Amino acid sequence: LSLVNCQLLRINVSESELYLPVKGMKLDAGGIAKGYAADEIVRILKEERVRRALIDLGGNIYAFGERGGTSPQNTPWRIGIRDPFQVLSEPVIRIEVTNQSVVTSGVYERYFERDGVRYHHILDPCTGYPVRNNLMSVTIITGSSTTADALSTSLFLLGVEEGLRFVESMPDIEAVFITDTRQVYHTKGITGKMKILSGDFTEAHIPEI
């Protein structure tokens with residue numbers, strides 16, 4: 001924990017340099033790397049005048065353009081959110097999007113178990129241990145995959161109530177939270193564009209968000 005402090009990072013924009021002042025500190029861009037890559041792919045597709053594409057970087061999806069093909073005009077892509085309780089599963093939630101990224105952070109893939117305790121990869125920066133707040137996954141839907149990548153982890157750390165309040169204050173960003181009791185919370189703006197596909201999951205609401 002003594003090496004975890006983003007405030008110590010020094011950035012020299014003119015020289016494109018980063019400086020870490022404490023020996024042993026490291027910089028890991030994994031929290032936004034796939035999102036940045038997805039946005040760069042979209043930029044290239046636009047330059048090449050590609051009309052539609054579905055970009056899948058494993059947990060990071062970008063639905064570029066409209067679905068097209070044999071679908072009617074103006075048909076959005078349908079993106080599924082997986083069941084966080086099953087290793088291999090059908091989607092339990094379906095979201096309709098166009099020119100948006102869908103990014104999910106969850107505790108169900110990257111973890112290890114020791115003495116009967118599961119340790120996942122989303123760490124609380126205050127304790128150094130995996131965050132425990134009854135969340136299983138957080139999905140962000142917005143136009144920037146980099147933003148979605150950063151927010152999916154950040155909102156997971158905040159938890160359902162504080163996370164929802166935070167994201168509701170931001171324009172053009174939607175979120176879906178799945179808890180360990182199979183309750184589904186979501187932002188107001190995604191109403192009508194999201195469908196729960198499994199009877200094991202129920203829609204829930206936090207009052208006065």
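All residue numbers refer to position in the chain's written sequence, counted from 1. Whole-chain, interface and lining totals are the exception, using all residues; otherwise, since this is a predicted model, local features are given only for residues with pLDDT of at least 70 and side-chain atom pairs are given and counted only at 80 or more. As a rule here, side-chain values come from all non-hydrogen atoms in the structure, and water together with hydrogens is ignored.

A.B. asks: Would you explain helix 2 (residues 145–158) in this entry?
C.D. replies: Given 3.6 residues per helical turn, the α-helix brings residues three or four places apart onto the same face. Strands are runs of DSSP state E lasting at least 2 residues, helices are runs of H or I lasting at least 4, and numbering of each runs from the N terminus. One less than the residue count of a helix, multiplied by 1.5 Å, gives the span that helix is expected to have. Along its 14 residues, helix 2 runs 20 Å from first to last C-alpha, staying within 8% of the 20 Å computed at 1.5 Å per residue. Exposure is judged per residue with a 1.4 Å probe applied to protein chains only, and the accessible area is read against the type maximum: over 50% gives exposed, under 20% gives buried, and values in between give partly exposed. Along helix 2, the positions that sit buried rather than exposed are Ser145, Thr146, Ala148, Asp149, Leu151, Ser152, Leu155 and Phe156. Any two residues whose heavy atoms approach within 4.5 Å are treated as being in contact. Looking at the packing, one finds that the buried side of helix 2 touches helix 1 (33–47), strand 4 (60–64), strand 7 (100–106), strand 10 (135–142), helix 3 (160–168) and strand 11 (174–179). Taken from the residues just after helix 2, Gly159 is the one with a positive phi, measuring 90°.

A.B. asks: Looking at this model, I keep getting lost on the sheet that holds strand 6 (residues 91–97). Mind explaining?
C.D. replies: The strands making up a sheet associate through backbone hydrogen bonding, with each pair oriented either parallel or antiparallel. Paired strands, in this sense, are two strands between which DSSP finds at least two bridges. As summarised here, the arrangement of the three strands in space is 5-6-13, forming an open sheet in which the pairing is antiparallel. Sheet topology places strand 5 (77–82) and strand 13 (194–196) at the edges, where each strand pairs with a single neighbour. Along the sheet, successive strands turn relative to each other by an average axial angle of 20°, direction set aside. Bridge count for strand 6 against strand 13 is three bridges, and the pairing is antiparallel. Bridge pairing in strand 13 places Ile95 opposite Met194. Angular values range over 0 to 180 degrees, each being the angle between N-to-C directions of two axes fitted as lines to C-alpha atoms, with helices fitted over their stretch in contact.

A.B. asks: How should the packing of helix 1 against helix 2 be read in this particular structure?
C.D. replies: The angle between the axes and the distance between the axes are what describe a pair of packed helices. Running from N to C, helix 1 and helix 2 cross one another at 165°; their axes reach a closest spacing of 7 Å. In terms of orientation, helix 1 and helix 2 fall into the roughly antiparallel class. Two packed elements cross with a definite hand, and for helix 1 against helix 2 that hand is right-handed. Along its contact with helix 1, which presents Ala33, Lys34, Gly35, Tyr36, Ala38 and Asp39, the element helix 2 presents Ser145, Thr146 and Asp149. Here the term charged refers only to Asp, Glu, Lys and Arg, the term nonpolar to Ala, Val, Leu, Ile, Met, Phe, Trp, Tyr, Cys and Pro, and the term polar to all other amino acids, Gly among them. A per-class count over the contact of helix 1 with helix 2 returns three nonpolar, three polar and three charged. For classification purposes, angles smaller than 35 degrees are called roughly parallel, those larger than 145 roughly antiparallel, those between 65 and 115 roughly perpendicular, and all remaining angles oblique. By definition, turning the near helix anticlockwise from the far helix through less than a right angle yields a left-handed crossing, and turning it clockwise yields a right-handed one.

A.B. asks: Help me understand the packing of aromatic side chains, please; the structure alone is not making it clear to me.
C.D. replies: Each aromatic ring pair is summarised here by two numbers: the centre-to-centre distance and the angle between the ring planes. Two rings belonging to Phe, Tyr or Trp (six-membered ring only in the last case) form a pair when the distance between their centres is within 6.5 Å. Interplanar angles under 30 degrees mark stacking, angles over 60 mark edge-to-face geometry, and anything in between is tilted. The full count for this structure, using the stated rule, is two aromatic pairs. Relative to Tyr119, the ring of Phe112 lies with its centre 5.2 Å away and its plane at 20°, an arrangement referred to as stacked. Here, a charge over a ring means that NZ of Lys or CZ of Arg falls within 6 Å of the ring centre while also lying within 35 degrees of the ring normal. Above the ring of Phe85, the side-chain terminus of Arg182 is found at 3.9 Å from the ring centroid. Here the basic side chain of Arg182 rests over the ring of Phe201, its NZ or CZ set 5.9 Å away from the ring centre.

A.B. asks: Mind showing me how you'd approach the pairing of strand 11 here?
C.D. replies: Looking along a regular strand, one sees side chains alternate from face to face of the sheet. Buried residues dominate strand 11, accounting for six of its six residues. Side chains of strand 11 alternate between two faces, with Glu174, Val176 and Ile178 and Ala175, Phe177 and Thr179 buried alike. Here strand 11 runs beside strand 12 (residues 183–186); their pairing, made up of three bridges, is antiparallel. Considered in strand 12, the bridge of Val176 is made with His186. The turn joining strand 11 and strand 12, which pair antiparallel and follow one another in sequence, is formed by three residues; a positive phi near 65° is taken by Arg182.

A.B. asks: I'm lost on the nonpolar core in this one. Help?
C.D. replies: One recurring pattern in soluble globular proteins is that nonpolar side chains are buried together. Only buried Ala, Val, Leu, Ile, Met, Phe, Trp, Tyr and Cys residues count toward a nonpolar core, and they belong to the same one when joined by side-chain atoms within 4.5 Å. By size, the foremost hydrophobic cluster in this structure holds 21 residues, and its most contacted members are Ile140 and Phe177. Breaking this core down by element, the ones donating at least two residues are strand 10, helix 2, helix 3 and strand 11. Residues within four places of Phe177 in sequence aside, it is in contact with Leu135, Ser137, Val138, Leu155, Gly159, Val160, Gly163, Leu164, Gln183, Val184 and Tyr185. Membership of the second largest hydrophobic core comes to 17 residues, among which are Trp77, Ile81, Ile178 and Ile190.

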